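One letter stands for each residue in the lines below.
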Amino acid sequence: MAELFRMPAVAADAATAVLSAWQVAEGASFTKDDALVSIETDKAEVDVAAEQDGVLLKTLYEAGVEIEVGDPIAVLGAVGEQAGDLDALLAGLGVVAPGEAPKAVRRDVPEEPVAQPATAPASGAPERGGRVFSSPLARRLAREAGLDIEALTGTGPGGRIVRRDVDAAVAARRTPEPQPAPTPAAPPAAAVPRTAAPADTGAHEDIPHSRMRRAIARRLTESKQHTPHFYLRATCAVDELLALRQRINAVSPVKVSVNDLLIKAVATAHTQVPEMNAVWQPDAVRRFSAVDVSVAIATGTGLVTPVLRGIENLSVSAIATRTRAYAEQARAGALHPADLEGGSITVSNLGMYGVEEFAAIINPPQAAILAVGAARDEAVVRDGAVTVAKVLGVVLSVDHRPVDGAVAARWLAAFTEAVENPVRLVV
């Protein structure tokens, strides 16, 4: 029995998603758990799997189109089922037949009276009848680019303006219109060959923004503009931590990194200072009982921060296992949006690049981010004598709305204590 396959809600706060690619061809059969389609959201690209065996009778959208969550995107049938009369099939499912323009829906804008234009539209501009249908993403991109959404021509269903229309308008604006060559009064006496001067002083490549890159830029800009950051710095002696790691790796089937131990130290500090395990909400400070920590992972398309959940109850080797699994999924583009949601703090480590210290931007709505630098040899005073020790610098960026400075200071002291006396991380 044929049924509609609708755009899934792959992210809790997403009203739309981009259909990146069909993984099954029209008319092809598939089995349960096969990837049917790839969906791109602000946070990740997700393969949506089939819930049962079947056949893809008809795709309703091509790749690259932004579609509202819940809208039908394909027709699925039982194994061996044929499409037959496609028009009748689609009509029976309540979908317009191919060739008919589906009704554009703008769900986030209330109906407004249609104003009659006083003059005819300018040459080349489509007559819209008072309303402009456009996707939320297209409106935001047009606003960021300084474009008038009403001046664009939509190529989506029913003339709806979608992302590709805005991208095309931005590209057209960058390309100067050719100017007609003036008619010379007389031919030159001698033609001197020359080349046109380039518009820019150096060769370059414009790399279009991906949906993820735009989301990263928007979220971090909003964080710096609207989240009152303050910063605390500390230096941790890590000789014992490094020695403990060596002993663990001698017997553990999973190799444990310094970062895994630091994540466990974050959980220990959150347990001792539960006021830090919170986020700011419009009407309240939300405090969590479980310790969920995001770990920053660099990929070829941008930075992602999957969340390790309940790490106060996990061993260091279990944290290492989950972190590596997330890293593999992130670099393969296989993370789910649910993997990126939640948590009250992120750990971002650039120590492997030799960075000694940096201050990171809070990932909203979290309350803090811990920036970890490289371990280095440094002269320290112990028992009145100067000696060489391995030390590691950290910078804690904190949202001052849910967390006061004294609370963050107590948390950083608890974290430093756990790092410098790491036996508590394994007991």
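Everything numeric here is computed off the predicted structure, so don't read it as measured data.

*Asks:* Is there a simple way to explain the environment of Ala 332 in this structure?
*Replies:* Mapped onto the secondary structure, Ala 332 falls in the loop between helix H7 (316–331) and strand S16 (345–349). Considered as a pair, Ala 332 and Gly 300 are 32 residues apart in the sequence and their alpha carbons are 9.6 Å apart.

*Asks:* Help me out: how do you make sense of the pattern of salt bridges in this one?
*Replies:* If the charged atoms of two oppositely charged side chains come close together, the side chains can form a pair. For the structure shown, the criterion picks out 10 salt bridges. Here Arg 233 and Glu 357 are joined by a salt bridge, their closest N and O atoms 2.9 Å apart. One end of the pair, Arg 233, is in strand S9 (residues 229–237); the other, Glu 357, is in the loop between S16 and strand S17 (368–382), with 124 residues separating them in the sequence. Taking the shortest distance from any N to any O, the salt bridge between Lys 390 and Asp 377 comes out at 3.6 Å. Placement of Lys 390 in strand S18 (residues 385–399) and of Asp 377 in strand S17 is noted, with a sequence separation of 13 residues between them.

*Asks:* I would appreciate a short explanation of the sheet that holds strand S6 (residues 54–59) in the present structure.
*Replies:* Adjacent strands of a sheet pair through backbone hydrogen bonds, lying either parallel or antiparallel. Strand order across the open sheet formed by four strands is S1-S8-S6-S3, with antiparallel pairing between neighbours. Each of the sheet's edge strands pairs with one partner strand only, and the pair in question is strand S1 (3–6) and strand S3 (29–30). Judged from the four bridges that link them, S6 and strand S8 (residues 72–77) form a sheet pairing that is antiparallel. From the neighbouring strand, Val 55 faces S8, where its bridge partner is Gly 77.

*Asks:* Is there a simple way to think about helix H6 (residues 258–272) in this case?
*Replies:* In an α-helix, one turn spans 3.6 residues, which is why side chains three or four residues apart end up on the same side. Given a rise of 1.5 Å per residue, 15 residues ought to cover 21 Å, and the 21 Å separating the end C-alpha atoms of H6 matches this to within 8%. With 12 of its 15 residues buried, H6 lies for the most part within the structure.

*Asks:* Got a minute to help me understand the side chain of Thr 299 in this structure?
*Replies:* For Thr 299, the position within the fold is in strand S13 (residues 297–299). Sequence-distant contacts of Thr 299, that is, excluding residues within four places in its chain, are made with Val 304, Ala 330 and Arg 331.

*Asks:* Sorry, what's going on with the pairing of S16 here?
*Replies:* Within a regular beta strand, the side chains point alternately toward one face of the sheet and then the other, so they alternate between its two faces. Taken across its five residues, S16 has five buried, putting it largely inside the fold. Every second residue of S16 is oriented toward a common face, with Ile 345, Val 347 and Asn 349 on one face and Thr 346 and Ser 348 on the other, all of them buried. Sheet topology note: the strand S12 (residues 293–295)/S16 ladder contains three bridges and is parallel. Along S16, the bridge assignment pairs Val 293 with Ile 345.

*Asks:* I keep staring at the packing of H6 against helix H8 (residues 405–420) and nothing clicks. Help me out?
*Replies:* It is the contact of H6 with H8, at a shortest axis distance of 8 Å, that shows an interaxial angle of 135 degrees. Taken together, the axes of H6 and H8 are oblique relative to one another. Relative to H8, H6 is oriented so that their crossing is right-handed. Residue-level inspection shows Leu 262, Ala 265, Val 266, Thr 268, Ala 269, His 270 and Gln 272 of H6 in contact with H8, the latter providing Trp 411, Ala 414, Phe 415, Ala 418 and Val 419.

*Asks:* Help me understand the environment of Leu 232 in this model?
*Replies:* Counting through the fold element by element, Leu 232 comes out in strand S9. In the structure, Leu 232 is positioned 165 residues away from Ser 397 in sequence and 6.7 Å away in space, judged by C-alpha atoms. Once residues lying within four places of it in the same chain are set aside, the contact partners of Leu 232 are Val 394, Val 395, Leu 396, Gly 405, Ala 408, Ala 409 and Leu 412.

*Asks:* Even after reading the chapter, I still don't get the packing of helix H5 (residues 239–251) against H6, so can you show me in this structure?
*Replies:* Helix packing for two helices is described by the angle between their axes and how far apart those axes are. For the pair H5 and H6, interaxial distance at closest approach is 10 Å and the crossing angle is 115 degrees. As judged from the angle between their axes, H5 and H6 are roughly perpendicular. Note on packing geometry: the crossing formed by H5 with H6 is right-handed. Only Val 258, Leu 261 and Leu 262 of H6 make contact with H5, whose side of the interface consists of Leu 241, Leu 242, Arg 245 and Ile 248.

So, how was this worked out
Residues numbered from 1 in each chain as written. Predicted model: local features only at pLDDT ≥ 70, side-chain atom pairs only at ≥ 80, totals over all residues. Heavy atoms only, no water. Helix = DSSP H or I, 4+ residues; strand = E, 2+ residues; numbered from the N terminus. Salt bridge = Lys/Arg side-chain N within 4 Å of Asp/Glu carboxyl O. Pairing = 2+ DSSP bridges. Expected span 1.5 Å × (residues − 1). Buried < 20%, exposed > 50% of the residue type's maximum accessible area, 1.4 Å probe, protein only. Contact = heavy atoms within 4.5 Å. Axes fitted to C-alpha atoms, helices over the stretch in contact; angles between N-to-C directions. Parallel < 35°, antiparallel > 145°, perpendicular 65-115°, else oblique. Left-handed = near helix turned anticlockwise from the far one by under 90°.

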